[in-house]
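Each chain, written out:
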Protein chains: 2
Amino acid sequence: MQVPSPTVREAASMYGTAVAIFLVILVAALQGSAPAESPFPYRIPLDPGGALELSWNVSYVQETVHFQLLVRELKAGVLFGMSDRGELENADLIVLWTDGDSAYFGDAWSDQKGQIHLDSQQDYQLLQAQRTPEGLVLLFKRPFGTCDPKDYLIEDGTVHLVYGILDEPLRLLEAINTSSLKTGLQRVQLLKPDISVPALPSDLHTMEIRAPDVLIPGQETTYWCYITELPDGFSRHHIVMYEPMVTEGNEALVHHMEVFQCAAEFESFPQFSGPCDSKMKPDRLNYCRHVLAAWALGAKAFYYPEEAGLAFGGPGSSRFLRLEVHYHNPLRIQGRRDSSGIRLYYTAKLRRYDAGIMELGLVYTPVMAIPPQESAYTLTGYCTDKCTQLALPPSGIHIFASQLHTHLTGRKVVTVLARDGREQEVVSRDSHYSPHFQEIRMLRKVVSVYPGDVLITSCTYNTGDRKLATVGGFGILEEMCVNYVHYYPQTQLELCKSAVDPGFLQKYFHLINRFNNEEVCTCPQVSVPEQFASVTWNSFNRDVLKALYGFAPIAMHCNKSSAVRFQGEWNLQPLPEIISKLEEAAPQCPGSPGQRTVGPTLVSISEDRG
Amino acid sequence: MQVPSPTVREAASMYGTAVAIFLVILVAALQGSAPAESPFPYRIPLDPGGALELSWNVSYVQETVHFQLLVRELKAGVLFGMSDRGELENADLIVLWTDGDSAYFGDAWSDQKGQIHLDSQQDYQLLQAQRTPEGLVLLFKRPFGTCDPKDYLIEDGTVHLVYGILDEPLRLLEAINTSSLKTGLQRVQLLKPDISVPALPSDLHTMEIRAPDVLIPGQETTYWCYITELPDGFSRHHIVMYEPMVTEGNEALVHHMEVFQCAAEFESFPQFSGPCDSKMKPDRLNYCRHVLAAWALGAKAFYYPEEAGLAFGGPGSSRFLRLEVHYHNPLRIQGRRDSSGIRLYYTAKLRRYDAGIMELGLVYTPVMAIPPQESAYTLTGYCTDKCTQLALPPSGIHIFASQLHTHLTGRKVVTVLARDGREQEVVSRDSHYSPHFQEIRMLRKVVSVYPGDVLITSCTYNTGDRKLATVGGFGILEEMCVNYVHYYPQTQLELCKSAVDPGFLQKYFHLINRFNNEEVCTCPQVSVPEQFASVTWNSFNRDVLKALYGFAPIAMHCNKSSAVRFQGEWNLQPLPEIISKLEEAAPQCPGSPGQRTVGPTLVSISEDRG
């Protein structure tokens, strides 16, 4: 049978009818109601041009995030959402779009090819759309978890926000070609802890650490180094809080900032203000590495607990500080001037406890290695019961903040506290960790660690782009697995880390050599990195390395400083035995599914009369 | 502060008020509507006494099961549901209960201690409650998957139904003490395939294979053996269908039945009707092992595809048949007589194709072993491309049914078809497999296998109760991993199975001996079971065995019969490489969550006026 082809006019009419039916089916009434927790304490620019700005708040009671998206120059629409690592494939999205007549808001998702589809379960709920002098403001909310397998689960740690700008009206979401849009990503800690602000002392002083009048280079990445010093005779004080000072207009350019204290063994440090990789930078600045304060995009002020402060000044500590500012300038804007920095709040009335920083995880040694072409390979470092027994006071220490650290292949980091062989609680976890977003994060709940407790830090790496094994070490192409935990009261324990026993690693090399009948020299005369480089990475050699790391005894670094160990035998220690693991919390599905709409929302934009 | 204690009367009044509030909050109106697909084609008694009987139907379009539960003598209520392996812990339940005044129906779940809780998401929907002359009939439905982490996912394969009988009214579900109830389990294939019944030939004959007038022994388990024979001169026929004949009243006692054909090499077999383990049973009956028909509780008639039939009779095949009936009599009922059996439907007009049975999985050899104390250890057997290339016709074979087989520790079985290194589809899967429930199951979709395809059969075992390794073999305490696939057209290929290369297994014993510095003799002079028995099962030895099975070359059995191989080199074959795996299908969440009720349903029982 031959079907007569419709004329162009008929076809256009059919198409129009189809769209109309689509709209009748999908359009639902706007469920407008202002959120309980206005205003929005957190704010971040999404794109380097500042066209999109996100504000949000978090309700842990409702397990819901309220988002307020400001679109400064709306064209035909906008995409916004979240994905595992900031890609526009497999993303959980909202889309605001127009077909030329009306505007629609819908919960959507993109498949592994980046194709966008309307979600059959609408979990983002539009609350308000308002035109303001600044631009269009969309107010919407979403539960942390939705139990919709297409949706992103909002968890503690890094969240990769994605966005895209629609230039043309469209009839169907499927018509969006994400590869031709202006898109981008922004990393942020979405679930800020809901801790109350600690009281501040009455004799609060401030000190602004800022590089005056920096001309931001017109290149994508600049680390700016600036040396400053404490006043002569500055006595011992406690830092109790610090906050960022970002020069107005540069909010999208200043990516992160850190203040380091220089090493006490040098009398003085030369003045410097310039790129950290400049040939003009004095070598001595490499000795300014003790973190005093760290801020990253989206973070707010950092407070020490009321009982504790971070000591600085006075005898035994350097008067010299180094400020490092990371400018992220992908649009290569020229001629922009900046004086961003960090404002320290400190007191001379020392608080009851000094705060300390302890390093957990893996020793920087090549014996811990990741085979190449692994998409999710996990290494684990231990702080053993024997070390905490020796080094912690009977009343314990209290961890209140954490900064995670790996090099380029790090993808997840988690530290768990175990007691009597049973995992008790997560100290900190980032399942979407990025080495490009390392901030000091307050813990939602202070974790107390007592003598005899075990701290287990696991890092997961992706070595899909590597040809050879990635060994542990200081180099940028080597790897680390570190959790710097901030705690009080300060103890002598600065380092509690482990690595596999080197003798057992030699057994491994010997064993796989014999099994594979290879003549490759992995004899102990060559270095461990060379031995790893000579391994043929078949599935047996990979699996047996994993078996080794899960079985062999460890060498512990239970150290007062990077060189001084606590007394005791720290080699050939047994791996801590864990008889009960923490269960993965089942995602909480929203209680009343009846509230969800079943299709996109027709948007009626109200005018701002303020 | 001291709280004055209430008088007994006050307390009773307070309690009453609390219950009333509870009811006001939880009781929702009955959403009554008859299901689209009455009546219920499948039926099974739940308890050995026959007090509970379940009927059901399956809608693959709606992805929903409609249940009809008949409660013959209702006391205070009943529990019914599903759990992983038939335990009353971690079960997904419906509860019908009364507080003395009203009756309630609710979706509930039990925790790992067996404590019952009302589910916050009500996914079982009560459609009708009716008093009939036979008893109370409850009609309710549930989607296959609910996306509620507390709910059981209804999948293909075995489902363990659980039940319990409530004798006393109760105020709160939490008051139920499951350990004091009369409870039990019943295994069933809930998701029967929705295949249309093939047309039957016009010259259909029937033959009833039944043991006349068996006195069922008053013990829990009896396998009854009965020998019968085909008529003298019975020529070659095709079995096109068979169905169970269960003696009325014994529905809860007859657990499964199989008809075997005896070996052709013996002229005759002695008459016998008695327990299969009887000392009186002639040894020759052990040569009656070729399956002609198999039925298990809850199954209905078995049909061959229209193009194929199972040949029996004629020259080259034995005239003797053995019927085996498994009586499951936990109540130890005495004096019950039975003549259950299987009715074969056959035709003299041979169909186009003979059907065949092929054995996939692992060779019966001790080189494939499961360490002790493993809760989910998987072994895999392969039918390689080289074997299918040699043995299958270019037009392929078509698998239409499957019978899975392991010994006591088997928990899951799956066979997957791979082509060009990519998994294509599941042939059959049972994620709740039980060695006590081995039936021949029609596939929902016929799977075609072509020369060069690979069939991968994986079995998962639980050896939590074993002290030593469980090796492969024929013994009941040894293990098997077999999928008997029923297919057409019949080929010469009867066996396509594998096992690890024995030389590589010796490398493993050597390697772990050296690694562990052990003096245990695992030298090749002793047998493989003895070598496995001498292994110290630390995590390294376990993980490396797993690594070996995932890496070492295999020995293939690509056989015409159990002894005759196809020509070629079958030792030291490479493991099939799989570059892309089938994704686990994400559970389909019910589309319109608004239909669900939020609490239990107040039950109004209608009287049967029929």
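Refer to the structure above for everything that follows.
Residues numbered from 1 in each chain as written. Chains lettered and ligands numbered in written order. Predicted model: local features only at pLDDT ≥ 70, side-chain atom pairs only at ≥ 80, totals over all residues. Heavy atoms only, no water.

Caption draft 1: Quick look at the packing of helix α3 (residues 502-515) of chain B against helix α5 (residues 539-549) of chain B. All names here are of chain B. One can describe the packing of α3 onto α5 by two numbers: an axis separation of 11 Å at closest approach and a directional angle of 155°. With respect to their mutual orientation, α3 and α5 come out roughly antiparallel. Of the two possible hands of crossing, α3 and α5 adopt the one that is right-handed. Here Phe 504, Leu 505, Tyr 508, Leu 511, Ile 512 and Phe 515 of α3 lie close against α5, whose contacting residues are Phe 540, Asn 541, Val 544, Leu 545 and Leu 548. Looking at the contact of α3 with α5 residue by residue, the class counts come to ten nonpolar, one polar and no charged. (Axes fitted to C-alpha atoms, helices over the stretch in contact; angles between N-to-C directions. Helix = DSSP H or I, 4+ residues; strand = E, 2+ residues; numbered from the N terminus. Parallel < 35°, antiparallel > 145°, perpendicular 65-115°, else oblique. Left-handed = near helix turned anticlockwise from the far one by under 90°. Contact = heavy atoms within 4.5 Å. Nonpolar A, V, L, I, M, F, W, Y, C, P; charged D, E, K, R; others polar.)

Caption draft 2: Broad picture of the packing of aromatic side chains. Counted by the stated rule, this structure contains 54 aromatic pairs over all chains. When the ring of Phe 105 of chain A is compared with that of Phe 140 of chain A, the centres are 5.5 Å apart and the planes differ by 50°; the resulting orientation is tilted. With Phe 105 of chain A in strand β6 (residues 103-110) and Phe 140 of chain A in strand β9 (residues 135-143), this residue pair connects regions lying 35 residues apart in the sequence. Aromatic ring contacts, followed pair by pair, group Tyr 242, Phe 302, Tyr 304, Tyr 353, Phe 400 and Tyr 488 of chain A into a single cluster. One residue, Lys 386 of chain B, lies across the ring of Trp 570 of chain B, its end atom 5.3 Å from the ring centre. (Phe/Tyr/Trp six-rings, centres within 6.5 Å; stacked < 30°, edge-to-face > 60°. Lys NZ or Arg CZ within 6 Å of the ring centre and 35° of its normal.)

Caption draft 3: Seen up close, the sheet that holds strand β30 (residues 422-430) of chain B. Residue and element names in this part refer to chain B. An order of β27-β32-β29-β30 is seen for the four strands of this open sheet, with the pairing classed as antiparallel. Both outer strands of the open sheet, β27 (377-383) and β30, are each paired with one neighbouring strand and no more. Across the sheet, the mean angle from the axis of one strand to that of its neighbour is 20°, orientation sign disregarded. Where strand β29 (residues 410-419) and β30 come together, seven bridges link them in antiparallel fashion. Directly across from Leu 417, in β30, lies its bridge partner Glu 425. (Pairing = 2+ DSSP bridges.)

Caption draft 4: Representation of the state of the cysteines. Residue and element names in this part refer to chain A. The full count for this structure, using the stated rule, is ten disulfides over all chains. Covalently, Cys 225 is tied to Cys 276 through a disulfide, its sulfur atoms 2.2 Å apart. In this structure the cystine formed by Cys 225 and Cys 276 twists about its S-S bond by roughly 105°; its chirality is therefore right-handed. Placement of Cys 225 in strand β14 (residues 221-229) and of Cys 276 in the loop between β17 (273-275) and β18 (290-296) is noted, with a sequence separation of 51 residues between them. The same class applies to Cys 225 as to Cys 276, namely buried. (Disulfide = S-S within 2.5 Å. Buried < 20%, exposed > 50% of the residue type's maximum accessible area, 1.4 Å probe, protein only.)

Caption draft 5: The arrangement of unusual backbone geometry in detail. For the peptide bond that leads from Tyr 488 of chain A to Pro 489 of chain A, omega is -10°, which places it in the cis range. Mapping Pro 489 of chain A onto the fold places it in the loop between β34 (482-488) and β35 (495-500). We note that Arg 332 of chain B has phi near 55°; this positive angle belongs to a residue other than glycine. Structurally, the position occupied by Arg 332 of chain B is in the loop between β21 (320-328) and β22 (337-338).

Caption draft 6: Summary view of the side chain of Thr 457 of chain B. Residues and elements named next belong to chain B. Looking at the secondary structure, you find Thr 457 in strand β32 (residues 454-461). One polar contact links Thr 457 to Thr 415, side chain to side chain, over a distance of 2.9 Å. Ignoring sequence-local partners within four residues, the contact set of Thr 457 consists of Leu 360, Gly 361, Leu 379, Thr 380, Gly 381, Val 413, Val 414, Thr 415, Cys 481 and Asn 483. (Polar contact = N/O pair within 3.5 Å; in protein donor to acceptor, adjacent residues only side chain to side chain.)

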